[in-house]
Amino acid sequence: MGGMFDVDSPVMNVLNKIMNLMILNLCFVAGCIPVVTAGAAMTALYSVNLKMVRNEEAYIFSSYWRAFKENFRQSTVCWLLLVCAGGILGADMWAVRNLPEGPGKFLGGTTLVFLVIYCVLMLYIFPYMARFQDRLGTCVKNAFLIGGSNPGCTVTTALITAAFAALSVSSIEVLLRAIFLWLIIGFSLLSYIHSFFFRKVFDKYIDTSR
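None of these values were measured; they are calculated from a predicted model. (Residues numbered from 1 in each chain as written. Predicted model: local features only at pLDDT ≥ 70, side-chain atom pairs only at ≥ 80, totals over all residues. Heavy atoms only, no water.)

## Observations regarding the overall build of the protein chain
The helix and strand tally for the protein chain stands at 8 helices and 0 strands. Its C-alpha atoms give the protein chain principal-axis dimensions of roughly 70 × 45 × 35 Å. The buried share of the protein chain, reckoned over its 210 residues, is 37%. Restricting to contacts in the protein chain with at least 6 residues of sequence separation, those with at least 24 account for 74%. (Helix = DSSP H or I, 4+ residues; strand = E, 2+ residues; numbered from the N terminus. Buried < 20%, exposed > 50% of the residue type's maximum accessible area, 1.4 Å probe, protein only. Contact = heavy atoms within 4.5 Å.)

Below, the structure written as structure tokens:
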């Protein structure tokens, strides 16, 4: 029985991983507080988790904030551009509902295409920037191409994200509990799960990996 709680036992490894994810989640939440810094916070989150899935990272706190500072400028610009693009897409979807059937179908189809592109970029761009060093334009292009070239990973991570979101808002009671869990471990856990898929995909393109 005592062996269960040895430092290298499976139980202690799981508990240590949970603790690391909780520390990482708190760092992420703190990094997102100004909102405008959410892009840098997500890049730093994936920077740590892409290493954690291979047990390559030991110092969660210092590693997170180092990645946050290193990627701050590029990730923040990318985040602001994505927020603007999301606003435009939202306005387009609202406009489609108020257009006649003919123009509405055309604009609706066009908006749907851009929405898919947007969702792929939202899934891949910050993990990509955490794993590779490129100019912003190259990051955007490669993130979309990698997402489109690996539909299995794209669909799986999108469904996992949707499942997390759907479970969180399934009822008012669940939502209240979910908010607490998201603040404690939810963001880092979702990123950690995603990182298993992203790491395998990115390994195929390793060239300038960190």
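## Comments concerning the packing of aromatic side chains
Any aromatic ring pair is given by two values, namely how distant the centres are and how the planes are angled relative to each other. By the definition in use, this model includes 16 aromatic pairs. Relative to F68, the ring of W65 lies with its centre 5.2 Å away and its plane at 65 degrees, an arrangement referred to as edge-to-face. Of this pair, W65 and F68 both sit in helix α3 (residues 60–70), separated by 3 residues, roughly a single helical turn. Taking the relative accessible area as the measure of exposure, W65 reaches 25% and is therefore partly exposed. Residue classification places F68 among the buried residues on the basis of a relative accessible area of 11%. Each member of the aromatic cluster is reached from another via a ring pair, and the members are Y46, Y124, Y128, F132, F198 and F202. (Phe/Tyr/Trp six-rings, centres within 6.5 Å; stacked < 30°, edge-to-face > 60°.)

## Some remarks on the pattern of salt bridges
A complete count under the given rule lists 4 salt bridges for this structure. With a closest N to O distance of 3.3 Å, R131 and D203 form a salt bridge. A residue pair is termed long-range when its members are at least 10 positions apart, and R131 in helix α5 (residues 101–131) and D203 in helix α8 (residues 172–203) qualify at 72 residues. Through salt bridges with shared partners, a single ionic network connects R54, E56, R131, R199 and D203. (Salt bridge = Lys/Arg side-chain N within 4 Å of Asp/Glu carboxyl O.)

## Describing the environment of L21
If you trace the backbone, L21 turns up in helix α1 (residues 10–32). Linking L21 and Q74, residues 53 residues apart in sequence, is a C-alpha distance of 25 Å. In this view, L21 contacts N49, M52, I185, S188, L189 and Y192; residues no more than four positions away in its chain are not counted.

## Quick look at a nonpolar patch on the surface
A surface patch of nonpolar side chains, about 560 Å² in accessible area, is lined by V169, I172, L175, L176, I179 and L183. Topologically, I179 is positioned in helix α8. (Patch = residues over 30% accessible without salt bridge, like charges linked within 9 Å, V, L, I, M, F, W, Y side chains within 5 Å. Areas by Shrake-Rupley, 256 points an atom, 1.4 Å probe, with all protein chains shown as cover.)

## Re the nonpolar core
Generally speaking, nonpolar side chains in soluble globular proteins are found buried as a group. Ranked by internal contacts, the top residues of the largest apolar core, which has 44 residues, are Y64, Y124, I125, F126 and F202. Going through the elements one at a time, α1, α2 (38–52), α3, α4 (72–96), α5, α6 (136–149) and α8 are the ones with two or more residues in this core. (Core = buried A, V, L, I, M, F, W, Y, C linked by side-chain atoms within 4.5 Å.)

## Some remarks on the environment of K69
Inspection of the secondary structure puts K69 in helix α3. Residues K69 and K200, spaced 131 residues apart in sequence, show a C-alpha to C-alpha distance of 26 Å.

## Here's the deal with α1
For α1, built from 23 residues, the straight-helix expectation of 33 Å at 1.5 Å per residue is met to within 8% by its first-to-last C-alpha distance of 33 Å. Buried residues of α1: N20, L21, L24, N25, C27, F28, G31 and C32, and no others. Where α1 is buried, its residues contact α2, α3 and α8. (Expected span 1.5 Å × (residues − 1).)

## Quick look at the packing of α2 against α3
Angle between the axes and distance between the axes are the two parameters that describe a pair of packed helices. Closest axis-to-axis distance for the α2/α3 pair is 8 Å, and the angle between their directions is 135 degrees. The angle between α2 and α3 places the two elements in the oblique class. Where α2 crosses over α3, the handedness of that crossing is right-handed. Here A40, A41, A44, L45, S47, V48 and M52 of α2 come into contact with α3, specifically with I60, S63, Y64, A67 and F68. Along the lines of polarity and charge, the residues of the contact of α2 with α3 split into 10 nonpolar, 2 polar and no charged. (Axes fitted to C-alpha atoms, helices over the stretch in contact; angles between N-to-C directions. Parallel < 35°, antiparallel > 145°, perpendicular 65-115°, else oblique. Left-handed = near helix turned anticlockwise from the far one by under 90°. Nonpolar A, V, L, I, M, F, W, Y, C, P; charged D, E, K, R; others polar.)

## Regarding the confidence of the model for the protein chain
Per-chain confidence: the protein chain averages 90 in pLDDT, with 90% of residues scoring 70 or above. Looking across the protein chain, the model is least confident in α5, with a mean pLDDT of 87, and most confident in α2, with 97. (pLDDT = per-residue confidence, 0-100.)

## Notes on α4
Residues spaced three or four apart along an α-helix face the same direction, because each turn holds 3.6 residues. Under the 1.5 Å per step criterion, the end-to-end length of α4 is 36 Å for 25 residues, consistent within 8% with the ideal 36 Å. Listed in full, the buried residues belonging to α4 are S75, T76, C78, W79, L82 and L89.

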